[in-house]
Each structure stands twice: as C-alpha cells, then as structure tokens.
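Structural features, examined
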Amino acid sequence: MTIILAIVLFVLLIFPHELGHFVAAKAVGVRVNEFAFGMGPALYKKQGRETLYSIRAFPVGGYCAMEGENEESDAEDAFVNKPAWARITVLVAGSAMNVLIAILVLSIMFGVIGAATTTVDRVQKGMPAAEAGLARGDRIVSVDGREIRKWSELSAALSGSDDTRRITVTRNGAEKTLSVTPVKQDSRYVIGITPTVTHNPLIAVRNGITGSWSMTRSLFGALKQLATGHVKADDLSGPVGMVSLVHQTEKAGLINFFYLVALISLNLAIFNMLPFPALDGGRILFVIIRLFTGKAITDRQEAAVHGAGMTLLLLLMIFVTWNDIERLLT
C-alpha cells in the first residue's frame, strides 16, 4: 500500500505540473517535441501532428520537452523565440497546476469528512449548554457580542476560562441570548455541544481554498526559518523522506495521506517559483532581465547558468537523500 500511495503521490505532484506547462505551451503556440507520462524507457509512443506522446516505464511523473527550451533555435514556434509574456505564462503554469491540485485534494477531503457548521446537532445532558437551555437546531450567532461564522471561532471564544458567556442563537427565526458557564474538561473549557456536519460541495471548495492559503502561509514561514537558521539544513527531506511520510500517514488513515499530498504539492509550487537557476522561478527571472537588457545575455549563456543551477540542485538532492537514509537507519 505504501508503494502504491507513494506512486500516486509522485504522479499527483509531477505529472500535473508538466501538464500545466504542456497546456500553456500549446495555448501560446510553443512547439512541444515530446510529452511523456512517467520516466525511463518508453513502453508506448504515438506521434501527433507535432508532438510525440509517450508512456514510460516508471509512473513517477512525466516531462514536457519544448523546442528551444534549453538551447538556441531558429524555429518561430520555439520557446526561446516567443514573447516574454508567453514564456512567463508557460513557466508559471506548472506551479499553478500544483496549487490547483492542492485545492482540489483538500476540497475532496473536506467534502468526504464534512465541515462543521455553527448549528447545534447534539446537546449533552448534564452539561452547561443543556442547563442553559441550548437545543438541537440552534444556530450560534455570537458569543459576548463577537460574531461567530464558523465552529472553530466558537471553540476559540469559549476557551481560556470558566467565565460566564452570553451566547446568542437563532431559534425558529428569532434570536435568543443565553448565559452559559463553560466547565474544564481535559485541559480545555467546553459547554457540551457538537455541531451539525455538512457535506456541501461549495463549502468543501471554500474550505479547500482557505486550507491551501493557510498551508501556503505556513510554508513561507518555514522558508523564512530556514533562511534565518531557525531550521537546520539537516531537517530537509527528499523523495526517500516523502515515502517514509507516506508510510506514516497510510497507517494514520487516507485522510492524512490526502493532507500530505496537498502540503507537498504546495511545497513544490513554492519551491519551483524560487528565483534560482534551473527552477521555473529562475527562468522567469532571466526572462525579465533579458526583457530589459536585450541581447546582452545570449541563449547559450543562460543555458550554462541553468546547467550550473541544475548541478547544484542535484547535489542538494544527494544531500537530502543521504539525510533521509541516515534518519531511516537511526
């Protein structure tokens, strides 16, 4: 199961990324010489009007080989000969697809597990909510005048102390305010109610978008910590570490696996947009620089810089893979 889920993870991370480049390239008129699903030896090939489509032996991603992507070309439809806006569109499309995958995965996840509403589903007997008169079907409007729009805001409003709260609810179309005093239970303050759960697709998509944004902010925070030395380089992980995480999440349940897919997909999108040679962000930086400097930088010089960047990335990959193996052994 770990092997299957690991393959699913790599396919969901890499193939949509390359598909984004492919679709954008076709849209702006860049010739794609080959578009492949998987890596390694070809199992199946079919020549299209201008693109060779292939399925390769190892289903762990794919690639989109564009004319003039890494070398000079006289072809009018070569990537290198397209306007700056077209090249940037193609380069951004890969990471944009990773963001969409994260939103889609989280939306499906939230659709399956459901989302807590602010409507009360069950009132526990003998608890403060029951004693105060809260009933099933009541919709929580505010706590001490503070508007409640989602269940997590209610939990936050009740936590912290056992002070009496004034909870306003909507019941049968009319508002009613009740005084409730939380009690401490397992280091937190509760009143003894559970929410109604909805599987509304629109709410699931909204939560998928807000969840992705929350993850993105956390990832930028992690990058800042790495840059400032608060996170050590030894803490970085690569593909081996990802497979180890898949194994851990598989034991914890598929919901955790989908959460991991979304997290790593966003991680890939952000990392790929960093202004480093060989990454899409580095290529975009060169497009912008050459837009203002004209032919001061040649295609060959840019290719050499990206080649050096790729070498450094491969060295980084070796380093993080060694980290992963060492962690597994210890």
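Residues numbered from 1 in each chain as written. Predicted model: local features only at pLDDT ≥ 70, side-chain atom pairs only at ≥ 80, totals over all residues. Heavy atoms only, no water.

- An unreviewed UniProt entry annotates the protein as Zinc metalloprotease of Hornefia porci.
- Comment text from UniProt for the protein, heading Cofactor (unreviewed entry), reads "Zn(2+)".
- A UniProt comment under Subcellular location (unreviewed entry) is attached to the protein, and it reads "Membrane". (UniProt positions renumbered as here; feature names shortened; annotations may be inferred.)

**Observations regarding helix α8 (residues 280-293)**
- Compared with an ideal rise of 1.5 Å per residue, which puts 14 residues at 20 Å, α8 spans 20 Å between its outermost C-alpha atoms and is within 8% of the ideal.
- Listed as buried for α8 are Asp280, Gly281, Gly282, Arg283, Ile284, Phe286, Val287 and Arg290.
- Looking at the buried side of α8, the elements it contacts are α1 (2-28), α2 (84-113), α7 (254-272) and α9 (299-329). (Helix = DSSP H or I, 4+ residues; strand = E, 2+ residues; numbered from the N terminus. Expected span 1.5 Å × (residues − 1). Buried < 20%, exposed > 50% of the residue type's maximum accessible area, 1.4 Å probe, protein only. Contact = heavy atoms within 4.5 Å.)

**Digging into a nonpolar patch on the surface**
- A cluster of nonpolar residues, Leu104, Ile108, Val112, Ile113, Leu254, Ile255 and Phe258, forms a patch on the protein surface that exposes about 610 Å² of accessible area.
- Every element with two or more residues in the nonpolar patch is listed here: α2 and α7.
- The biggest single contributor to the nonpolar patch is α2, with four residues.
- Looking at where Ile113 falls in the secondary structure, it is placed in helix α2.
- Its relative accessible area of 41% is what places Ile113 among the partly exposed residues. (Patch = residues over 30% accessible without salt bridge, like charges linked within 9 Å, V, L, I, M, F, W, Y side chains within 5 Å. Areas by Shrake-Rupley, 256 points an atom, 1.4 Å probe, with all protein chains shown as cover. Salt bridge = Lys/Arg side-chain N within 4 Å of Asp/Glu carboxyl O.)

**Re the UniProt feature "transmembrane region" (unreviewed entry) in the protein**
- Mapped onto the present numbering, the UniProt feature "transmembrane region" (unreviewed entry) falls at residues 84-117, 252-270 and 304-322.
- Secondary structure within residues 304-322 divides into 100% helix and 0% strand; the distance between the first and last C-alpha atoms comes to 27 Å.

**Topic: α7**
- For α7, built from 19 residues, the straight-helix expectation of 27 Å at 1.5 Å per residue is met to within 8% by its first-to-last C-alpha distance of 27 Å.
- For α7, the set of buried residues is Phe257, Leu260, Val261, Ala262, Ile264, Ser265, Leu266, Ala269, Ile270 and Asn272.

**Some points on the pairing of strand β6 (residues 165-171)**
- Counting buried positions along β6 yields five of seven residues, so the element is predominantly enclosed.
- Direction of pairing for strand β4 (residues 139-143) relative to β6: antiparallel, over a ladder of four bridges. Bridging across to β6, Ile140 finds its partner in Val169.
- Direction of pairing for β6 relative to strand β7 (residues 174-180): antiparallel, over a ladder of seven bridges. Bridged to Arg166 within β7 is Ser179. (Pairing = 2+ DSSP bridges.)

**Some words on the packing of aromatic side chains**
- Within this structure, the stated rule accounts for five aromatic pairs.
- Between Phe257 and Phe258 the ring centres are 5.7 Å apart and the planes differ by 55°, which places this aromatic pair in the tilted class.
- Of the residues examined, Phe258 reaches a relative accessible area of 32% and is grouped as partly exposed.
- Members of the aromatic cluster, joined through ring pairs, are Phe15, Phe22, Phe35, Phe37 and Tyr53. (Phe/Tyr/Trp six-rings, centres within 6.5 Å; stacked < 30°, edge-to-face > 60°.)

**Concerning the packing of helix α5 (residues 201-227) against α7**
- Packing of α5 against α7 brings their axes to within 10 Å, and their N-to-C directions diverge by 55°. The orientation of α5 with respect to α7, classified from their angle, is oblique. Handedness of the α5/α7 crossing: right-handed. Across the interface between the two elements, Ser212, Met215, Thr216, Leu219, Phe220 and Leu223 from α5 touch Tyr259, Ala262, Leu263, Leu266, Asn267 and Ile270 from α7.
- Its residues assigned to classes, the contact of α5 with α7 shows nine nonpolar, three polar and no charged. (Axes fitted to C-alpha atoms, helices over the stretch in contact; angles between N-to-C directions. Parallel < 35°, antiparallel > 145°, perpendicular 65-115°, else oblique. Left-handed = near helix turned anticlockwise from the far one by under 90°. Nonpolar A, V, L, I, M, F, W, Y, C, P; charged D, E, K, R; others polar.)

**Things to note about unusual backbone geometry**
- Even without being glycine, Asp144 reaches a positive phi, approximately 55°.
- Mapping Asp144 onto the fold places it in the loop between β4 and β5 (146-147).
- The partly exposed category is assigned to Asp144, whose relative accessible area is 47%.
- Of note in the backbone geometry, Ala278 takes a positive phi value of approximately 85° without being a glycine.
- Its place among the elements puts Ala278 in the loop between α7 and α8.

**Here's the deal with the side chain of Arg290**
- Relative to the helices and strands, Arg290 is located in helix α8.
- Arg290 gets classed as buried once you look at its relative accessible area, which sits at 16%.

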